[in-house]
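# Summary of the model geometry
Residues per chain are reported as follows:
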Amino acid sequence: PSRSSAFFSPWFGMDPSDNLNLIQPVNPWGGSSWTAYTEYFQWSPERNSNSDSITCSAGDILHGSLVYSDSDDSYTLTQTNT
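How each quantity is defined
- Residues numbered from 1 in each chain as written.
- Predicted model: local features only at pLDDT ≥ 70, side-chain atom pairs only at ≥ 80, totals over all residues.
- Heavy atoms only, no water.
- Helix = DSSP H or I, 4+ residues; strand = E, 2+ residues; numbered from the N terminus.
- Polar contact = N/O pair within 3.5 Å; in protein donor to acceptor, adjacent residues only side chain to side chain.
- Contact = heavy atoms within 4.5 Å.
- Phe/Tyr/Trp six-rings, centres within 6.5 Å; stacked < 30°, edge-to-face > 60°.
- Pairing = 2+ DSSP bridges.

## Section: the side chain of Gln-42
Within the secondary structure, Gln-42 is located in strand E2 (residues 34-42). One polar contact links the side chain of Gln-42 to the main-chain carbonyl oxygen of Pro-45, over a distance of 2.7 Å. Here Gln-42 is in contact with Leu-20, Asn-21 and Arg-47, once residues within four sequence places are set aside.

Written out as structure tokens, the structure is:
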């Protein structure tokens, strides 16, 4: 089989009703280590933005939070290694 640029990354996320934007805490395996960060992805026009990453190891307990504020139609994302 041919190689791909895909990677393993557990996550949960939220799309608004138009399904054009995705926000999510992610925990990707980079081939030799784990990291964690929050990501914003816009489908059209395509745009991706990631926070600074934090280091983590197998067995660490990560806490990801995605909180919506109806008052100003915004989201607060956090990702911590507890």
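## Points about the environment of Trp-11
Along the polypeptide, Trp-11 turns up in the segment before strand E1 (21-26). Separated by 47 residues in the primary sequence, Trp-11 and Ala-58 place their C-alpha atoms 15 Å from one another.

## Concerning the environment of Trp-43
Assignment of secondary structure puts Trp-43 in the loop between E2 and strand E3 (47-50). The contact partners of Trp-43, leaving out residues within four places of it in the chain, are Asp-15, Asn-19, Leu-20, Asn-21 and Leu-22.

## Points about the side chain of Asn-27
Looking at where Asn-27 falls in the secondary structure, it is placed in the loop between E1 and E2. Those residues in contact with Asn-27 that lie beyond four places of it in its chain are Phe-8, Ser-9, Pro-10, Trp-34, Thr-35, Ala-36, Cys-56 and Leu-62.

## Remarks on the packing of aromatic side chains
As enumerated under the stated definition, the model contains 3 aromatic pairs in all. Relative to Tyr-75, the ring of Tyr-68 has its centre 5.0 Å away and its plane inclined at 50°; by these criteria the two rings are tilted.

## Quick look at the pairing of strand E6 (residues 74-81)
Examined bridge by bridge, strand E5 (residues 62-69) and E6 share 8 bridges and lie antiparallel to one another. Bridging from a neighbouring strand, Leu-62 pairs with Asn-81 of E6. Counting the residues in the hairpin turn of E5 and E6 gives 4 residues, including Asp-73, whose phi is positive at 50°.

Geometry only, nothing functional implied.
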